[in-house]
Amino acid sequence: MKKLLMLVSVLVLLIGCEEVEATKTSTQIESQKQEELSRQAMLAVDLPNIKNFYEKKTYKKILEMRDNPKLVNFLYTKNEMTGKWVYEGKCIGFGIPYSTQYTNPEKMGFRGNSQWGSHYTIPQADPNGLYSTPNGTATWIIKVDDNGLQTVEYIESEIRVTQNKLNKRLVESWSLTENY
């Protein structure tokens, strides 16, 4: 009798496991198999042996140099007809791509109970209450005139911001100021 009871318990346990597998979605199964393949790849290949972290140190230096509220640069946009740069004036900093968002555009949600639930993402509003779409090629820039007056501009053409003025031969002569 004990053997029969044990056999029935094992069968119920096995059937229960198969039901769990059968209730998985194709996406869950695909994700699980992809994770296993990624694990096998890591075991076979491993990560690159990075020792100097030069690129990371360089990017850190760039970020630190950009973090200067008094940094005045020169703003140029590209003239598509001639390929030369059009001098637009001075600006503060390097500009911010339009696709940059102040807050995380999405947050994780969880639906269901801890055993059968699923994660999903939901949109999250920016501090101004709008839901921005992280795309676009425009740039926000703070321009500065000769009197120090700052204005915000939105530019959609190719852009170049530099700490040094470009050589005059690279810039449309009509866009240059008298004291360029």
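Residues numbered from 1 in each chain as written. Predicted model: local features only at pLDDT ≥ 70, side-chain atom pairs only at ≥ 80, totals over all residues. Heavy atoms only, no water.

K.L.:
How should the overall build of the protein chain be read in this particular structure?
P.N.:
Broken down by element type, the protein chain carries three helices and seven strands. When the helices and strands of the protein chain are read in sequence order from the N terminus, they spell out α-α-α-β-β-β-β-β-β-β. The buried share of the protein chain, taken over its 180 residues, is 17%. Looking at the protein chain alone, contacts between residues at least 24 apart form 49% of all its contacts between residues at least 6 apart. Carbon and sulfur atoms provide 57% of the accessible area of the protein chain, an area that totals close to 14900 Å². (Helix = DSSP H or I, 4+ residues; strand = E, 2+ residues; numbered from the N terminus. Buried < 20%, exposed > 50% of the residue type's maximum accessible area, 1.4 Å probe, protein only. Contact = heavy atoms within 4.5 Å. Areas by Shrake-Rupley, 256 points an atom, 1.4 Å probe, with all protein chains shown as cover.)

K.L.:
Just to check I follow, could you spell out the sheet that holds strand 6 (residues 150-155) for this structure?
P.N.:
The strands making up a sheet associate through hydrogen bonds between their backbones, and the pairing can be parallel or antiparallel. In spatial order, the strands read 6-5-2-1-7; together these five strands make up an open sheet with antiparallel pairing. Looking at strand neighbours, the two that pair on one side only are strand 6 and strand 7 (159-162), the edges of this open sheet. Each strand axis lies, on average, 45 degrees off the axis of its neighbour in the sheet, ignoring direction. The pairing of strand 2 (residues 85-97) with strand 5 (residues 139-144) spans five bridges and is classified as antiparallel. Counted as the bridge partner of Pro97 is Thr139 from strand 5. (Pairing = 2+ DSSP bridges. Axes fitted to C-alpha atoms, helices over the stretch in contact; angles between N-to-C directions.)

K.L.:
I would appreciate a short explanation of the packing of aromatic side chains in the present structure.
P.N.:
We describe a pair of aromatic rings using the distance from one ring centre to the other and the angle between the two ring planes. If you walk through the whole model with that rule in mind, you get two aromatic pairs. Arranged with centres 5.5 Å apart and planes meeting at 55 degrees, the rings of Tyr76 and Tyr87 form a pair that is tilted. One end of the pair, Tyr76, is in strand 1 (residues 72-78); the other, Tyr87, is in strand 2, with eleven residues separating them in the sequence. Of the two residues, Tyr76 and Tyr87, both sit in the buried class. With a centroid separation of 4.9 Å and an interplanar angle of 70 degrees, the aromatic rings of Tyr87 and Tyr180 are classed as edge-to-face. Of this pair, Tyr87 sits in strand 2 while Tyr180 is found in the segment after strand 7, placing the two residues 93 residues apart along the sequence. (Phe/Tyr/Trp six-rings, centres within 6.5 Å; stacked < 30°, edge-to-face > 60°.)

K.L.:
What exactly am I supposed to notice about a nonpolar patch on the surface here?
P.N.:
Taken together, the side chains of Ile96, Tyr98, Trp140, Ile142, Val152 and Tyr154 define a hydrophobic patch exposed on the protein surface, amounting to about 570 Å² of accessible area. Among the elements of the structure, strand 5 and strand 6 are those that each provide at least two residues to the nonpolar patch. (Patch = residues over 30% accessible without salt bridge, like charges linked within 9 Å, V, L, I, M, F, W, Y side chains within 5 Å. Salt bridge = Lys/Arg side-chain N within 4 Å of Asp/Glu carboxyl O.)

K.L.:
Explanation requested: the pattern of salt bridges in the structure shown.
P.N.:
Should the charged atoms of two oppositely charged side chains come close, the side chains can pair. Tallied over the entire structure, the rule returns two salt bridges. For Glu36, the salt bridge is made with Arg39, and the minimal N-O distance between the two is 3.2 Å. With Glu36 and Arg39 both in helix 2 (residues 26-45) and three residues apart, the pair spans about one turn of that helix. Classification of Glu36 as partly exposed rests on a relative accessible area of 32%.

K.L.:
Explain the environment of Ile92 here, please?
P.N.:
Within the secondary structure, Ile92 sits in strand 2. Here Ile92 falls in the buried class, since its relative accessible area comes to 19%. C-alpha separation for the pair Ile92 and Asn73, spaced 19 residues apart in sequence, amounts to 6.0 Å. For Ile92, the residues in contact, after removing those within four places along its chain, are Pro69, Leu71, Val72, Ile142, Val144 and Gln150.

K.L.:
Quick question: what am I supposed to make of unusual backbone geometry here?
P.N.:
Of all residues except glycine, most have a negative phi; of all peptide bonds, most are trans. Phi is positive for Asp46, close to 70 degrees, though the residue is something other than glycine. The topology assignment puts Asp46 in the loop between helix 2 and helix 3 (54-66). For Phe53, which is not glycine, the phi dihedral falls at a positive 50 degrees. By the element assignment, Phe53 lies in the loop between helix 2 and helix 3. On the basis of relative accessible area, Phe53 is assigned to the partly exposed category, the value being 44%.

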